[in-house]
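# Residue-level structural notes
Next come the chains, spelled out residue by residue.
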Amino acid sequence: MFFLIRFAIKFCFWMTVVSLFMPSLSNEKGGPSPLEALLAAQDTISDLSDFCTRKPQACETGKAAIANAGVRAGEAAKVGYEYLDAQLGKKSDDPDSVVARAHGDAPDTSDAQAIKAKLREMALREIINAATREREETSKIDAKAHTGSVSKN
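Parameters and conventions
Residues numbered from 1 in each chain as written. Predicted model: local features only at pLDDT ≥ 70, side-chain atom pairs only at ≥ 80, totals over all residues. Heavy atoms only, no water. Helix = DSSP H or I, 4+ residues; strand = E, 2+ residues; numbered from the N terminus. Buried < 20%, exposed > 50% of the residue type's maximum accessible area, 1.4 Å probe, protein only. Areas by Shrake-Rupley, 256 points an atom, 1.4 Å probe, with all protein chains shown as cover. Patch = residues over 30% accessible without salt bridge, like charges linked within 9 Å, V, L, I, M, F, W, Y side chains within 5 Å. Salt bridge = Lys/Arg side-chain N within 4 Å of Asp/Glu carboxyl O. Phe/Tyr/Trp six-rings, centres within 6.5 Å; stacked < 30°, edge-to-face > 60°. Disulfide = S-S within 2.5 Å. Axes fitted to C-alpha atoms, helices over the stretch in contact; angles between N-to-C directions. Parallel < 35°, antiparallel > 145°, perpendicular 65-115°, else oblique. Contact = heavy atoms within 4.5 Å. Nonpolar A, V, L, I, M, F, W, Y, C, P; charged D, E, K, R; others polar.

## A few points about the overall build of the protein chain
- In terms of helices and strands, the protein chain carries six helices and zero strands.
- Per-residue burial for the protein chain yields a buried fraction of 4% across its 153 residues.
- For the protein chain, the exposed area adds up to about 13800 Å²; of that, 63% sits on carbon and sulfur atoms.

Below you can see the structure in the form of structure tokens.
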């Protein structure tokens, strides 16, 4: 399986490289060749990386704007959380009791230790059931397999 994935990645890479050097099949000469486009993209990236050295004030303004936007987003999230908390009217329950109520098997109690014990019991029961199923499947396979022994004469 790994061989096929590796082959597909190599195939895509080499087809991309080959397509850069192939001439265009259309008769129109309006656009740049793929190689020229790649070189132009490289020049654009190098020009953008030098932007902060040419215009340091623009970079500082951009950094300040991004920092300000982050602070405002945090304040908006805090206001939204406080609004939802006020609308719901009560603080959230203990996470263990929320999980226990979601499973439906556990009683609706605030005793955290009882809830944790019930969840542990349910998890262990599921692990035992999975092990039993696996053992049954293995015994079915073993019953079908025939092994022989080799003896010296």
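That covers the picture; the talk isn't over yet.
## Quick notes on a nonpolar patch on the surface
- Taken together, Phe3, Leu4, Phe7, Phe11, Met15, Val18 and Met22 make up a surface patch of nonpolar side chains, about 730 Å² in accessible area.
- Among the secondary structure elements, valine 18 is positioned in helix α1 (residues 2–21).
- The class of valine 18 is partly exposed, set by a relative accessible area of 38%.

## What to know about the packing of aromatic side chains
- Summed over the entire model, instances satisfying the criterion amount to two aromatic pairs.
- Measuring from ring centre to ring centre gives 5.0 Å for phenylalanine 13 and tryptophan 14, while their planes differ by 75°; the resulting arrangement is edge-to-face.

## Describing the pattern of salt bridges
- Considering all chains together, one arrives at three salt bridges under this definition.
- Linking arginine 133 and glutamate 126 is a salt bridge whose minimum nitrogen-to-oxygen distance equals 3.7 Å.
- Look at arginine 133 and you get partly exposed, because its relative accessible area is 45%.
- A relative accessible area of 46% places glutamate 126 in the partly exposed class.

## Observations concerning the state of the cysteines
- Applying the stated criterion across every chain yields a total of one disulfide.
- Between cysteine 52 and cysteine 59 runs a disulfide, and the two sulfur atoms are separated by 1.9 Å. Taking the torsion about the S-S bond as the criterion, the cysteine 52 to cysteine 59 disulfide, at about -90°, is left-handed.
- Under the relative-accessibility criterion, cysteine 59 is labelled buried at 12%.

## Points about the packing of α1 against helix α2 (residues 34–49)
- Here α1 crosses α2 at 105°, and the two axes come no closer than 6 Å. One element, α1, and the other, α2, form an angle in the roughly perpendicular class. Seen from α1, the contacting residues are Ser19, Leu20 and Phe21; seen from α2, they are Pro34, Leu35 and Leu38.
- Class assignment for the residues of the contact of α1 with α2 results in five nonpolar, one polar and no charged.

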